Amino acid sequence: MSGAGGGGEGGGPGCGSPAAWRAGWSLVATAALCLVSSASVLAAGAAPMSKEEKQRLGNQVLEMFDHAYGNYMEHAYPADELMPLTCRGRVRGQEPSRGDVDDALGKFSLTLIDTLDTLVVLNKTKEFEEAVRKVVRDVNLDNDIVVSVFETNIRVLGGLLGGHSVAIMLKEKGEHMQWYNNELLQMAKQLGYKLLPAFNTTSGLPYPRINLKFGMRKPEARTGTETDTCTACAGTLILEFAALSRFTGTSIFEEYARKALDFLWEKRQRSSNLVGVTINIHTGDWVRKDSGVGAGIDSYYEYLLKAYVLLGDDSFLERFNTHYDAIMRYISQPPLLLDVHIHKPMLNARTWMDSLLAFFPGLQVLKGDIRPAIETHEMLYQVIKKHNFLPEAFTTDFRVHWAQHPLRPEFAESTYFLYKATGDPYYLEVGKTLIENLNKYARVPCGFAAMKDVRTGSHEDRMDSFFLAEMFKYLYLLFADKEDIIFDIEDYIFTTEAHLLPLWLSTTNQTVSKKNTTTEYTELDDSNFDWTCPNTQILFPNDPMYAQSIREPLKNVVDKSCPRGVVRVEESFGSGPKPPLRARDFMASNPEHLEILKKMGVSLIHLKDGRVQLVQHAIQAASSLDAEDGLRFMQEMIELSSQQQKEQQLPPRAVQIVSHPFFGRVVLTAGPAQFGMDLSKHKSGTRGFVASSKPYNGCSEIINPEMVMGKIALMQRGQCMFAEKARNIQKAGAIGGIVIDDNEGSSSDTAPLFQMAGDGKNTDDITIPMLFLFNKEGNIILDAIKEYEEVEVLLSDKAKDRATIFKGKMLPNYIFDSNLEVENMEQKSFENDSENQKSEKTTSDSQDLSSVSQESMEESSPVSQPDSVPPADVDSASILSSKEDSCPTENHETAIHDSECTELDNQPQEQSKTEEESSPNVSWDNKVQPMESILADWNEDIEAFEMMEKDEL
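What counts as what
Residues numbered from 1 in each chain as written. Predicted model: local features only at pLDDT ≥ 70, side-chain atom pairs only at ≥ 80, totals over all residues. Heavy atoms only, no water. UniProt positions renumbered as here; feature names shortened; annotations may be inferred. Helix = DSSP H or I, 4+ residues; strand = E, 2+ residues; numbered from the N terminus. Buried < 20%, exposed > 50% of the residue type's maximum accessible area, 1.4 Å probe, protein only. Contact = heavy atoms within 4.5 Å. Areas by Shrake-Rupley, 256 points an atom, 1.4 Å probe, with all protein chains shown as cover. Axes fitted to C-alpha atoms, helices over the stretch in contact; angles between N-to-C directions. Parallel < 35°, antiparallel > 145°, perpendicular 65-115°, else oblique. Left-handed = near helix turned anticlockwise from the far one by under 90°. Nonpolar A, V, L, I, M, F, W, Y, C, P; charged D, E, K, R; others polar. Salt bridge = Lys/Arg side-chain N within 4 Å of Asp/Glu carboxyl O. Pairing = 2+ DSSP bridges. Polar contact = N/O pair within 3.5 Å; in protein donor to acceptor, adjacent residues only side chain to side chain. Core = buried A, V, L, I, M, F, W, Y, C linked by side-chain atoms within 4.5 Å. 1 Å grid on protein atoms, 1.4 Å probe; cavity = no way out; pocket = protein on both sides within 12 Å on 5 of 7 lines; lining within 4 Å. Points joined across faces, edges and corners; volume = space filled by probe spheres on them. Domains from an automatic or database assignment.

- The name given to the chain in an unreviewed UniProt entry is alpha-1,2-Mannosidase, and the organism recorded there is Sarcophilus harrisii.
- The Subcellular location (unreviewed entry) comment attached to the chain in UniProt states, word for word, "Endoplasmic reticulum".

Written as structure tokens, this is what we have:
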């Protein structure tokens, strides 16, 4: 998600007044950059960063971009995205389906289009001109493929419009793009018309998917049966569609986008002024009634404010301010932002947050509400310092809920805008940390790989287009001075994908009449405009330590871990009623607790097997408030039960290839075993060369003990129990074992990991570590053996710092991180060892449900069936969650089931999707790279590292 790029001059004392906001177009530029006027206020407490250091970091961002973009163009183009671990392009239909995530791919060279205006921001005009020629020549928008309307709009349509915006700017300057004749705009118009059939609904809300070739027609289209869409999916169209209308003079695009926004506004919950996550596109009924600022809603709020900035229509600002007041009243629980129910906004809908909300501090900067922006950003930064990256979801006590991190840019975006608003060099140091973590943990020879699990450091074969479109743009702008950019960035606004749209569009082709529909639904007084584009006197009231004073109380919020629960304002006073009973405190033997349950309408049923069931009937509660407390208690009990079952499982482990030429750069996600050495208690892990056992299944006595002795034995899954394999290789002298899945094509990218169970017998005799790799990850090791014969790996609980792995060994400097000073090897080893000890103090005590299956991983045996892992009991209580009993009655519209099913829109889903292949203008065959080519890439990588280190010295 993205904040505004800003524009014009302004920020005077009267900038925040409602009258000034309502003045229309003349203050559009002021609205976009009023926040930037505060950049001259330098907060004390953080030492200013030298100009030389800023320049060095800016150059490092450029080198990182070249590494990512160059590998995409060499190994992936014209495919949509790069697969950085296998050095090839991701082509839809040729790789295992990842569910909804693949709906962004349309065989239209997604990454190249998404990166166009980034090239110009980074002053790479020659590369930009070449890229535009490639897009115009090669890209086909008429493929028989079903794509996401939302993703195609923000990434492809936005990318084409952003590219057109900077192309005409360069042409006007007279040096570049003199041949350009609106080719990108014509492609954008073609794509716009292809998306319009999705709006053929009674509500005006678009279908979530469309076929680029056949539209919504059946059966060729293979879509059009959906009934639901997310609020952000329908509400994140106005910037791109309005820009397309104003660039071309064709009003239909802006009209359709406005109609969708108007419908969402009409359907908001009138008493709370909140919107839900998912809505029925035909009836307008809310399907998911929880509300927040993260996944599913995020950019809807963003586009309301930015639509005002770009288009000058004050109804969008009034709507945003109405929603913002509700957000700060109900969802904001500083420094947390927690989802609530739209009909019962005092009731939390879940106890975890997703990473997409990291854009919100940047939006608050544009709004002018700096204090909560600083608070939430600092909380997120503390989570990053604990896990190196922001997990896809984390709990209110800052434990990992979903462990993936697909290199999202939202936190970098908010960091950039907070620096623009405060001028505080602290945010430059935050940006430096982001750069270091990307180079240290995500950089691989063929680009940057998403994190499969932030706890282990394992990678996923994925580099999304938004990484190039947004991450490098915000990081470069963070460290760049005005003279480093070849145009005035303040003349543009950023879309949610960080594409640039010029602010002069607000006065061009205004074919849509401005009708203020907001006041039909709500009356706004001047208090609704408080904190809108304030001047620096309000932001920093005579106190240069302002920003630091807000951050300071949050410095240890993650390590202290753990508010025992979110306490609302009305519960924080000493007098008054006691706070409601929380699930974590409940004891079935406590008479007082049982009385409270009865008051909340919760019944306790003792089962014959000794367990306890809890059932709530809202109509039996003493009052509506007690019924709300009962609903929350039941929801908490369900989550607590799930969490405690989850904690009985082992987290995933890591297999790190440390031999030449990998040197620890490749980290594979591995499944743990319920027997053998516990790698979490052996921080150094087990390191050794690998060797295949004979027989390869490891199910009988090993006949090549001389090959596996002192090594880590490789075995194939099947034909016997895991424990039997472990005993056989241990007897042969192996120091560890890796079992490779025999299911061709299986991968941790698409399948949940699970544990290797024992054989139902005592397994204390097994002392070596055992790990499981899916077929795809296992083949990476097997291919390396074919190429290099001797391959050394490290089995550990999580990936190790390369400086720690090679401590004391005489190895080239490039093995270590590019951002470290090159002194002598002893000093480097000592410094990195200190860092590693610090990082090892941070241990993960939670488990990612999406990464590790609750099902034990067991082999079939003709002799005996292995014992399964018994389910966990939580305080001897189980939850009866049938629709009839555990859900509220009809007059309660919030359901416990909603909280259980909540998930990110782009979480991979297990589903089978097939796409009919079209005939594009260019070849879509996978480019499988030989090992020699990969080595050549690494040599280039090495040379770049060495050059950077010389610059540092």
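## Concerning the overall build of the chain
- Summing up its helical and strand segments, the chain has 29 helices and 30 strands in all.
- Looking at the 953 residues of the chain, the share that counts as buried comes to 63%.
- Across the chain, the fraction of contacts at a sequence separation of at least 24, relative to all contacts at a separation of at least 6, is 74%.
- Accessible surface for the chain amounts to roughly 35300 Å². Of this, 49% is attributable to carbon and sulfur atoms.

## Comments concerning the packing of helix H3 (residues 51-76) against helix H17 (residues 465-479)
- Following both chains from N to C, one finds H3 and H17 inclined at 165°, their axes separated by 8 Å at the closest point. Considering their axes alone, H3 and H17 lie roughly antiparallel with respect to each other. Pair H3 / H17 crosses with left-handed handedness. Across the interface between the two elements, Lys54, Leu57, Gly58, Val61, Leu62, Met64, Phe65, Ala68 and Tyr69 from H3 touch Phe467, Leu468, Phe472, Leu475, Tyr476 and Phe479 from H17.
- Classifying every residue of the contact of H3 with H17 by side-chain character gives 13 nonpolar, 1 polar and 1 charged.

## A short note on the packing of helix H13 (residues 360-367) against helix H15 (residues 410-422)
- Axis separation between H13 and H15 bottoms out at 7 Å; the angle between their running directions is 30°. As summarised for this structure, H13 and H15 are arranged roughly parallel, according to the angle between their axes. Crossing hand, H13 versus H15: left-handed. Here Phe360, Pro361, Gly362 and Val365 of H13 come into contact with H15, specifically with Ser414, Phe417, Leu418 and Ala421.
- When the residues that make up the contact of H13 with H15 are grouped by side-chain class, the tally is 6 nonpolar, 2 polar and no charged.

## Some details on the pattern of salt bridges
- Tallied over the full model, the rule gives 48 salt bridges.
- Linking Arg246 and Glu254 is a salt bridge whose minimum nitrogen-to-oxygen distance equals 3.1 Å. Like Arg246, the residue Glu254 is buried in the burial classification.
- When salt bridges that share partners are traced, they join Glu81, Arg98, Asp102, Glu151 and Arg155 into one network.

## Overview of the sheet that holds strand E5 (residues 228-230)
- Read across the sheet, 3 strands follow the order E5-E6-E7 without closing on themselves; strand pairing throughout is antiparallel. Whereas interior strands pair on both sides, the edge strands pair on one side only; in this sheet they are E5 and strand E7 (286-288). Sheet twist, expressed as the average angle between the axes of neighbouring strands with direction ignored, equals 35°.
- Note: E5 against strand E6 (residues 278-280), 3 bridges, orientation antiparallel. What sits directly across from Thr229, in E6, is Ile279.

## Details of the side chain of Asp144
- Along the polypeptide, Asp144 turns up in the loop between helix H5 (125-138) and strand E3 (146-148).
- Among the polar contacts listed, one links the side chain of Asp144 to the side chain of Arg222, at a separation of 3.2 Å.

## Re the nonpolar core
- Ranked by size, the top nonpolar core spans 179 residues in total, and within it Phe128, Tyr301, Leu438 and Phe448 carry the most contacts.
- Among all residues touching Tyr301, those that are not within four sequence positions of it are Leu274, Val275, Ser291, Gly292, Val293, Phe320, His323, Ile327 and Leu363.
- By size, the runner-up hydrophobic cluster in this structure holds 21 residues, among which are Ala673, Ala713, Ala726 and Ile766.

## Some thoughts on the side chain of Thr686
- When you line up the elements, Thr686 lands in strand E25 (residues 686-692).
- If near-sequence neighbours (up to four positions away) are discounted, Thr686 is found in contact with Met677, Leu679, Ile712, Ile735, Pro769, Val793, Leu794 and Leu795.

## Structural notes on empty space enclosed by the protein
- Under the criterion given, the structure shown has 8 cavities of 30 Å³ or more.
- Lining of the largest cavity is provided by 15 residues; of these, Ile384, His405, Arg408, Leu434 and Met471 occupy positions nearest its centre.
- Taken together, the elements giving at least two residues each to the lining of the largest cavity come down to H15 and helix H16 (426-442).
- Here the second largest cavity is characterised by a volume of approximately 110 Å³.
- Forming the walls of the second largest cavity are 15 residues, and the residues nearest its centre are Lys440, Tyr441, Gln656, Lys800 and Arg802.
- Split by residue class, the lining of the second largest cavity holds 4 nonpolar, 4 polar and 7 charged.
- Domain assignment of the residues forming the lining of the second largest cavity places at least three in each of domain 1 (51-505) and domain 3 (653-806).

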